[in-house]
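Descriptive analysis of the structure
Spelled out from the first residue to the last, the chains are:
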2 protein chains.
Amino acid sequence: MRVSEVQTPALLVNADALDRNIATMAEALPGDRLRPHVKAHKCTSLALRQAAAGHRGFTCATIRECEGMAAAGLGEDLLLANEVLDASRIGSLIEAGARVSVAVDSPETIGAAASGGVREVVIDVNVGLPRCGCAPEDAGGLADLARQQGLQVRGVMGYEGHVVGLADAAVRADRCRTAMELLLTAHADVGGDLVTAGGTGTYAMNTWATEIEAGSYALMDTAYGQLGLPFEQAAFVLAAVISSSPGWAVGNAGLKAFGMDHGNPSLADDGTVLFCSDEHVTVTPSRPVGDRLWLAPAHIDPTMAYHERLYLFSGDSVVDIWPVDLRGW
Amino acid sequence: MRVSEVQTPALLVNADALDRNIATMAEALPGDRLRPHVKAHKCTSLALRQAAAGHRGFTCATIRECEGMAAAGLGEDLLLANEVLDASRIGSLIEAGARVSVAVDSPETIGAAASGGVREVVIDVNVGLPRCGCAPEDAGGLADLARQQGLQVRGVMGYEGHVVGLADAAVRADRCRTAMELLLTAHADVGGDLVTAGGTGTYAMNTWATEIEAGSYALMDTAYGQLGLPFEQAAFVLAAVISSSPGWAVGNAGLKAFGMDHGNPSLADDGTVLFCSDEHVTVTPSRPVGDRLWLAPAHIDPTMAYHERLYLFSGDSVVDIWPVDLRGW
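The rules behind the values
- Residues numbered from 1 in each chain as written.
- Chains lettered and ligands numbered in written order.
- Predicted model: local features only at pLDDT ≥ 70, side-chain atom pairs only at ≥ 80, totals over all residues.
- Helix = DSSP H or I, 4+ residues; strand = E, 2+ residues; numbered from the N terminus.
- Rg over C-alpha atoms; globule rule 2.2 N^0.38 Å.
- Buried ≥ 20, exposed ≤ 12 C-beta atoms within 10 Å, placed from the backbone.
- Least-squares fit on C-alpha atoms with pLDDT ≥ 70 in both.
- Contact = placed C-beta atoms within 7 Å.
- Pairing = 2+ DSSP bridges.
- Axes fitted to C-alpha atoms, helices over the stretch in contact; angles between N-to-C directions.
- Left-handed = near helix turned anticlockwise from the far one by under 90°.
- Nonpolar A, V, L, I, M, F, W, Y, C, P; charged D, E, K, R; others polar.
- Domains from an automatic or database assignment.
- pLDDT = per-residue confidence, 0-100.

Our focus in this paragraph is the overall build of chain A. Looking only at helices and strands, chain A has nine helices and 16 strands in total. Over its C-alpha atoms chain A spans a radius of gyration of 21 Å, differing by no more than 12% from the 20 Å that the globule rule assigns to 329 residues. For chain A, the spread of C-alpha atoms along the principal axes amounts to about 70 × 45 × 35 Å. Buried positions account for 58% of the 329 residues belonging to chain A.

You can overlay chain B on chain A at an RMSD of 0.0 Å; the transform is a turn of 180 degrees with a shift of 0.0 Å along its axis. The operation mapping one copy onto its partner corresponds to a two-fold rotation axis. By residue overlap, the copies meet face to face through one surface: 100% of the interface positions of chain B are interface positions in chain A.

Attention shifts here to the sheet that holds strand β4 (residues 100-104) of chain A. Pairing is parallel across the open sheet formed by seven strands, whose spatial order is β2-β3-β4-β5-β6-β7-β8 (chain A). The open sheet has two edge strands, β2 (57-60) and β8 (211-212) of chain A, and neither has a second partner.

We now examine the pairing of strand β12 (residues 272-276) of chain A. Residue and element names in this part refer to chain A. Note: β12 against strand β13 (residues 281-284), four bridges, orientation antiparallel. Its bridge partner being in β13, F275 is matched across the sheet by T282. Where β12 folds back onto β13 in an antiparallel hairpin, the turn is made up of four residues.

The next subject is the packing of helix α6 (residues 139-148) of chain A against helix α7 (residues 169-190) of chain A. All names here are of chain A. Packing of α6 against α7 brings their axes to within 8 Å, and their N-to-C directions diverge by 35 degrees. Between α6 and α7 the crossing geometry is right-handed. Counting all contacts with α6, which are made through A139, G140 and A143, the residues of α7 involved are A186, D189 and V190. Residues of the contact of α6 with α7, tallied by class, amount to four nonpolar, one polar and one charged.

We now examine helix α3 (residues 63-71) of chain B. Residues and elements named next belong to chain B. Counted residue by residue, α3 has seven buried out of nine residues, so it is predominantly covered. Buried residues of α3: I63, E65, C66, E67, G68, M69 and A70, and no others. Buried-residue contacts for α3 involve α2 (44-52), β2 (57-60), β3 (77-80), α4 (88-95) and β4 (100-104). Backbone geometry just after α3 places G73 at a positive phi near 80 degrees.

Moving on, we get to the sheet that holds strand β8 (residues 211-212) of chain B. Paired through their backbone hydrogen bonds, the strands of a sheet run either parallel or antiparallel. Residue and element names in this part refer to chain B. Strand order in the open sheet made by the seven strands is β2-β3-β4-β5-β6-β7-β8, with parallel pairing throughout. Two strands lie at the open edges of the sheet, namely β2 and β8, each paired on one side alone. As paired elements, strand β7 (residues 194-197) and β8 share two bridges and run parallel to each other. Of the residues in β8, the one forming a bridge with A197 is I212. Against the sheet, helix α7 (residues 169-190) touches β5 (120-124), β6 (152-157) and β7, its axis set at about 165 degrees to β6.

Where interface size is quoted, it is often the accessible area lost as the parts come together. All names here are of chain A. According to the domain assignment, chain A contains domain 1 (3-11 + 231-323) and domain 2 (17-216). Taking only C-alpha atoms, the centre of domain 1 and the centre of domain 2 are 32 Å apart. With nine residues of domain 1 at the interface, the matching set in domain 2 holds 13 residues. Per element, the largest residue contribution to the side of domain 1 that touches domain 2 is three residues, and it comes from helix α9 (residues 300-304).

Glancing now at unusual backbone geometry. Working note: non-glycine residues mostly have negative phi, and peptide bonds are mostly trans. Residues and elements named next belong to chain B. T8 connects to P9 through a cis peptide bond whose omega is -5 degrees. Position of P9 relative to the elements: it lies in the segment before β1 (10-14). At the junction of T284 and P285, the peptide bond is cis and its omega measures out at 0 degrees in the coordinates. Within the secondary structure, P285 is located in the loop between β13 (280-284) and β14 (292-296).

We now examine the pairing of strand β10 (residues 248-251) of chain A. Residue and element names in this part refer to chain A. By the bridge criterion, four bridges tie strand β9 (residues 235-245) to β10 in an arrangement that is antiparallel. Looking at the pairing, V241 lines up with G251 of β10. Hairpin connection, β9 to β10: the antiparallel pair is bridged by two residues. Pairing of β10 with β13, which is carried by three bridges, proceeds in the antiparallel orientation. In the sheet register, A249 faces β13, and the bridge partner there is V283.

Attention now goes to the interface of chain B and chain A. The interface of chain B with chain A comprises 45 residues on the first partner and 45 residues on the second. Among the elements of the structure, α5 (107-116), β9 (235-245), β10 (248-251), β12 (272-277), β13 and α9 (300-304) of chain B are those that each provide at least two residues to the side of chain B that touches chain A. Among the elements that take part in the side of chain B that touches chain A, β9 of chain B stands out by supplying five residues, more than any other. For the side of chain B that touches chain A, the per-class residue count stands at 19 nonpolar, 15 polar and eleven charged.

Chain-level pLDDT for chain A is 98 on average; 100% of the residues reach the 70-or-more range. Scoring the predicted complex yields pTM 0.97 and, for the interface, ipTM 0.97.

A few words now on the environment of D325 of chain B. Residue and element names in this part refer to chain B. Looking at the element boundaries, D325 is found in the segment after β16 (317-323). Taking the number of C-beta atoms within 10 Å as the measure of exposure, D325 has 19 and is therefore partly exposed. If near-sequence neighbours (up to four positions away) are discounted, D325 is found in contact with C43, T44 and G68.

This is how it looks when you write it as structure tokens:
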């Protein structure tokens, strides 16, 4: 199949750029130094490529991601980096032979993990992002509570999500250090082998975590593209111009093809996206009907969640079609 | 099943509010005066309710929506309100007995319709929104061209998408009139029975169109909720608080559960959404772990496209589970 034969709209991934991104990261953070986050691509076929590059453990954001990864034979060491109130589906995975550790940050989520059949947890610590995680000074007490309930505590997790996207690398590094100092304080009270943190924006500067949870590096988006990282844009939504007016053209991909929280997608070649509608993207300057538009998403994670499949291409050829099989909950 | 037993995150629809919304619209625009747009809900079970209220024709935005509607027995009079470059899948539907009319706005899309097996088209006219549609003065010539290629021309379409969301009803009505005057000019040159236009924001004031393509009225969103329309918020994403901190709480629904182009969802009861992450919503003030959050989406259409199913509820009971079966392309 040629790329020109792909029915639009479609999600296309440059196989060569993907391979280079995975290789670049595996060289910087080999083996267990990286625990790739699958939420950024939701695709077990892509995760298999990451595993082939030497990473045994993976990070998941949802129970379904854990289930899909285990079903794909990638359940050797999964971390559900999120609290859950009902861990019974995770318990079933563990019963069936997967290793799944779960983030906890409260007595309630510790209780849910223990009663659901989870055996291993990490203590989720708030390192500055107003989201999940206990106060650093509460981490030791929660670890004690978890152990009292028969859970193994593998260590601490603390995601510096308020830092990973900062434009200035020096500021990013400084804030990352501040966040990780909080996490190490908690780790001193908690114990365990794992200090898990980090993302694509801090993978190279977060030298305190024992493992980095980066995910976006594999496919990239225009937000991370502004940070000067050594990763290429590998994912595009391909649209076709279905309508052409003197001042603009309209492609057949819109709000249901792009995560929009970071703003409009960008044209990979010349031109500007004016706005998106449900199934349209209006671009300027005008182009003829039938032209193809290559659009780089502003935020990769919620973009992937809209697509059933991705077309892996090299040059002009589609070399594989991968289901985006970890969607939903 | 009780509502309290639904696993979060989940899309919940208030059956009573939905029925009232459908009844209110059917009273204002009975039968063929409304051609409900299925892009706003992507759910054939919901479309069956609209059909039961007396609407025979439906509007679709994608080929898959047409295919799903025909497969559900709702293919009596479908309008694909969008240009396509390859109409062969539509041709197959028509061959199998569905009636599908397709929007065209250029020689290329007329040619695609004719060669794909389409028999009926509408001329899509630009009435002010910089998107699809020919210039009004070109509509007659395109209709002639379509007829030369053996296509029946059912009339004109002109969506006043730049008008439907305007806050001031008087301004909205005035701009709607301006847009429809352009459409009627084109219609005079084109002929045919159909003047199809309109949306939820203009359904009551657009008295020039023969039929209105409203869709959002059935489920609603917070953007349309600001216009003072007689429709209730019927769709919610239900989340559970998985983490609680002194100043905020975190629910387990995020960027992959909400279309974000109109901004954050809103809490149906008290409180404020601070921000969304991929699988999180951070709200203030704080709430205890286990609390449920009812979140009204800011934009219903791209929200629906993230969900595999919806839970229809009445009071405390889930009365049905409907697949959101028109997703994708």
